[in-house]
Structures are given as structure tokens and as C-alpha cells.
Amino acid sequence: MTDVVIWIVALAAILLLAGAFFLWRRTGEAKQPALMVLLALIAIGNVLLWTVPLADGTSPIDQAEATEAAETQ
């Protein structure tokens, strides 16, 4: 389930970047596209925090899934 959430957040970040580019090209405004880029960068940062492995080789999402599996048994 958490894999789906990570995938949706990553897709949303890509769409935010694309939307910011098209909005900037269409209207010439800078404020709203800049905020969209900022939100996309925050979303990408969150995805990286959950998926990049730690020193022991496991990622936080793997640890969360292992804890969830242990609790259900």
C-alpha cells in the first residue's frame, strides 16, 4: 500500500513541474509557478526520505512495512 502512495506522490510532483512550466509559458507569471515548483521539490524530498537506504541498507519504507507485517501476525 505504501508503494502506491509513494508512486502517486512522485507522479504528482512530475505533474506539478509540468503544470508550472506550462502556466509560466502561458501567462508569464512567476509567483504561482514558483510555488508549484516549491511544492514539487518538497514532494520529491519526501519521496527520497522514504526510499533512500539508510546505513544498514534498508529504507524507512521497508522498515515500516516490516513493522506493519509484524503487527498483523
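Please read these numbers as outputs of a predicted model, since none were measured by experiment. (Residues numbered from 1 in each chain as written. Predicted model: local features only at pLDDT ≥ 70, side-chain atom pairs only at ≥ 80, totals over all residues. Heavy atoms only, no water.)

A. Geometry of a nonpolar patch on the surface. Residues Leu17, Val37, Leu41, Ile44, Leu48 and Val52 make up a contiguous nonpolar surface patch of roughly 470 Å² in combined accessible area. With four residues, helix 2 (residues 31–51) is the single largest residue contributor to the nonpolar patch. Tracing the chain through its elements places leucine 17 in helix 1 (residues 2–27). Taking relative accessible area as the criterion, leucine 17 reaches 34% and is therefore assigned partly exposed. (Patch = residues over 30% accessible without salt bridge, like charges linked within 9 Å, V, L, I, M, F, W, Y side chains within 5 Å. Areas by Shrake-Rupley, 256 points an atom, 1.4 Å probe, with all protein chains shown as cover. Salt bridge = Lys/Arg side-chain N within 4 Å of Asp/Glu carboxyl O. Helix = DSSP H or I, 4+ residues; strand = E, 2+ residues; numbered from the N terminus. Buried < 20%, exposed > 50% of the residue type's maximum accessible area, 1.4 Å probe, protein only.)

B. Main features of the nonpolar core. Counting residues in each nonpolar core, the largest one holds six residues, listed as Ala13, Leu16, Ala20, Met36, Ala40 and Ala43. Not counting the four nearest positions on each side in its chain, alanine 20 is found in contact with Pro33, Met36 and Val37. (Core = buried A, V, L, I, M, F, W, Y, C linked by side-chain atoms within 4.5 Å. Contact = heavy atoms within 4.5 Å.)

C. Layout of the packing of helix 1 against helix 2. Remark: helix 1 packs on helix 2, axes separated minimally by 8 Å, with the N-to-C direction vectors making an angle of 160 degrees. If you check the angle between helix 1 and helix 2, you find them roughly antiparallel. Read as a crossing pair, helix 1 and helix 2 show a hand that is left-handed. Residue-level inspection shows Ile6, Val9, Ala10, Ala13, Leu16, Leu17, Gly19, Ala20, Leu23 and Trp24 of helix 1 in contact with helix 2, the latter providing Gln32, Pro33, Met36, Val37, Leu39, Ala40, Ala43, Ile44, Val47, Trp50 and Thr51. By residue class, the composition of the contact of helix 1 with helix 2 is 18 nonpolar, three polar and no charged. (Axes fitted to C-alpha atoms, helices over the stretch in contact; angles between N-to-C directions. Parallel < 35°, antiparallel > 145°, perpendicular 65-115°, else oblique. Left-handed = near helix turned anticlockwise from the far one by under 90°. Nonpolar A, V, L, I, M, F, W, Y, C, P; charged D, E, K, R; others polar.)

D. Structural view of the side chain of serine 59. Relative to the assigned elements, serine 59 resides in the loop between helix 2 and helix 3 (60–72). Each residue touching serine 59, except ones within four places of it in the same chain, is listed here: Trp50, Thr51, Val52 and Pro53.

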